[in-house]
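Architecture at a glance
Single-letter residue listing:
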Amino acid sequence: MKDFGEIKEQVKAKIAEVKDGAQLSEFWQSYLGKTGVISGLMKEMKSVPPEEKPNFGKAVNDVRVWAQELYQTKQAEIKQRELERRYERETVDVTMPALKRAPGNLHPITLIKQEMIEVFAGMGFDIYEGPEIEDDDHNFTRLNVAKDHPSRDMQDTFWLTEDLLLRTHTSPGQIRTMDAKKPPIKVLVPGKVFRSDSDATHSPMFSQMEGLVVDKGITLCDLQGMLDRFVQQIFGGGTKTRLRPSYFPFTEPSVEVDVSCFECARETEFLPGNGCPLCKGTGWIEVLGGGVVNKKVLENCGIDPEEYSGLAFGIGIERITMLKYGIPNMGLFFENNLDLLQQFKG
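This write-up is about the structure you can find in this document. Every value quoted in this text rests on a predicted model; they were computed, and no experiment measured them.

1. As for the pattern of salt bridges
By the definition in use, this model includes 14 salt bridges. In this structure, Asp179 and Arg142 form a salt bridge, with 2.6 Å as the shortest nitrogen-oxygen distance. You can see Asp179 sitting in helix H7 (residues 172-180) and its partner Arg142 sitting in the loop between helix H6 (136-139) and strand E3 (164-166), a full 37 residues away along the chain. We classify Asp179 as partly exposed; its relative accessible area is 36%. Salt-bridge contacts for Glu286 lead to Arg244; the nearest nitrogen and oxygen are separated by 3.5 Å. With a gap of 42 residues between them, Glu286 in strand E8 (residues 284-293) and Arg244 in strand E6 (residues 241-248) connect regions that are remote in the sequence.

Here you go:
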């Protein structure tokens, strides 16, 4: 019984030192666990005289129950202290001003893309989005791009296999649309395109918007009329277009389309085409390419070029965005620069 008294003193002293859950766990292992001091007392039963075994067993059990009560009391104290500390950490002063969270806004490219879609949708265009991984047939061959054309070279095109590639333009959407639908056709194809090119005005990935109209009696005049309306809604009512001869395999005749310099029109100190840094004194800015759909392209899609004609144009969305907002470097669109992006809040 003297040993029981010493054990109780040890237990009381030890439980008084316990300050947290880890120390409480150590206490349990030391005294109440399977290898603990109190559990070890039962191993002494074999050396106790038979007539004293009942009293000895009862005494060991009483010590165990008493130690467990101390343990449970300490456990409740620790939980209460931890709860109080948690309340302190999570206390919210409702009298403090709320944190201001700035509302987000659309990326400038998204803004211009939506604006461009609205312009052409207002002219009756449907919207089609094709796959970004294309095959040679849709991206080159049926668009009348010759096998030896430079655009097929590895330094210009991201080839995945001998036949598959990351599309270099949204023009494959023309082929897919004409395969699925017969004239009259009026479709707009926005999306990402990929070319091996990178500098201040070019990126390996950029956004393009392809337009296609196929019907009876379509001419180059229809193209200029549509584009006049487009540039006036994007750049301002006084903006005009100018067509210059060019070459694209999928259109014939082909044209580069310029717009009259809207910076010259805005700045009274600039006479048109004189001293303007945007148009470099020419009075015109190149914005896109287009033309009358090549008869071979129509034939490749099963459309009779003697009965139908078409127009097509391709617009770089980043190009239009840079011009409209005066952004000098295309790389700024991909840097998540908040100073730049916050300027486009609605």
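2. A short note on helix H11 (residues 317-325)
Owing to its 3.6 residues per turn, the α-helix aligns residues three or four sequence positions apart on the same side. Considered for burial, the residues of H11 that qualify are Ile317, Glu318, Ile320, Thr321, Met322 and Leu323. Immediately downstream of H11, the backbone of Gly326 shows phi near 65°, a positive value.

3. Observations regarding the packing of aromatic side chains
Scanning the model with the defined rule gives nine aromatic pairs in all. Ring centres 6.0 Å apart and planes at 35° place the aromatic pair Phe140 and Trp159 in the tilted group. Of this pair, Phe140 sits in the loop between H6 and E3 while Trp159 sits in the loop between H6 and E3, placing them 19 residues apart in sequence. In this structure Trp159 comes out as partly exposed when scored by relative accessible area, which is 21%. Pairwise contacts between aromatic rings join Phe120, Phe125, Phe230 and Phe313 into one cluster. Positioned above the aromatic ring of Trp66, the side-chain terminus of Lys8 is 5.3 Å from the ring centre.

4. Comments concerning the nonpolar core
Side chains of nonpolar character tend, in soluble globular proteins, to be buried together. Residues Met116, Phe120, Phe125, Phe230, Leu288, Phe313 and Ile315 are the most contacted members of the largest nonpolar core, which totals 43 residues. The dominant element in this core, judged by the number of residues it contributes, is helix H8 (residues 220-235), at seven residues. Ignoring anything within four residues of it in the chain, the contact list for Leu288 reads Leu227, Phe230, Val255, Glu256, Val257, Phe313, Gly314 and Ile315.

5. Side note on the sheet that holds E6
Strand order in this open sheet of seven strands is E1-E4-E5-E9-E8-E7-E6, and the pairing throughout is mixed. Both edges of this open sheet fall to strand E1 (126-127) and E6, since each of them pairs with a single strand only. When E8 meets strand E9 (residues 309-316), the two strands line up antiparallel, connected through five bridges. The residue bridging Val292 from the neighbouring strand is Leu311, located in E9.

6. Side note on the pairing of strand E4 (residues 185-194)
Across the ten residues of E4, eight count as buried, placing the element largely inside the fold. Where E4 and strand E5 (residues 205-215) come together, ten bridges link them in antiparallel fashion. Paired with Pro190 across the bridge in E5 is Met209.

7. Some points on H8
Its 16 residues place the ends of H8 22 Å apart at the C-alpha level, agreeing with the 22 Å of an ideal helix rising 1.5 Å per residue. If you check which residues of H8 are buried, you get Leu223, Met226, Leu227, Phe230, Val231, Ile234 and Phe235. End-on view of H8: buried residues confined to an arc of 135°, all on one side of the axis. A positive phi of about 130° marks Gly236, the residue just after H8.

8. A short note on unusual backbone geometry
With an omega dihedral of 5°, the bond running from Pro183 to Pro184 counts as a cis peptide bond. Residue position: Pro184 is located in the loop between H7 and E4. The backbone phi angle of Asn144 is positive, close to 70°, even though this residue is not glycine. For Asn144, the position within the fold is in the loop between H6 and E3.

About the cut-offs
- Residues numbered from 1 in each chain as written.
- Predicted model: local features only at pLDDT ≥ 70, side-chain atom pairs only at ≥ 80, totals over all residues.
- Heavy atoms only, no water.
- Salt bridge = Lys/Arg side-chain N within 4 Å of Asp/Glu carboxyl O.
- Helix = DSSP H or I, 4+ residues; strand = E, 2+ residues; numbered from the N terminus.
- Buried < 20%, exposed > 50% of the residue type's maximum accessible area, 1.4 Å probe, protein only.
- Phe/Tyr/Trp six-rings, centres within 6.5 Å; stacked < 30°, edge-to-face > 60°.
- Lys NZ or Arg CZ within 6 Å of the ring centre and 35° of its normal.
- Core = buried A, V, L, I, M, F, W, Y, C linked by side-chain atoms within 4.5 Å.
- Contact = heavy atoms within 4.5 Å.
- Pairing = 2+ DSSP bridges.
- Expected span 1.5 Å × (residues − 1).
- Arc of directions from axis to C-beta.

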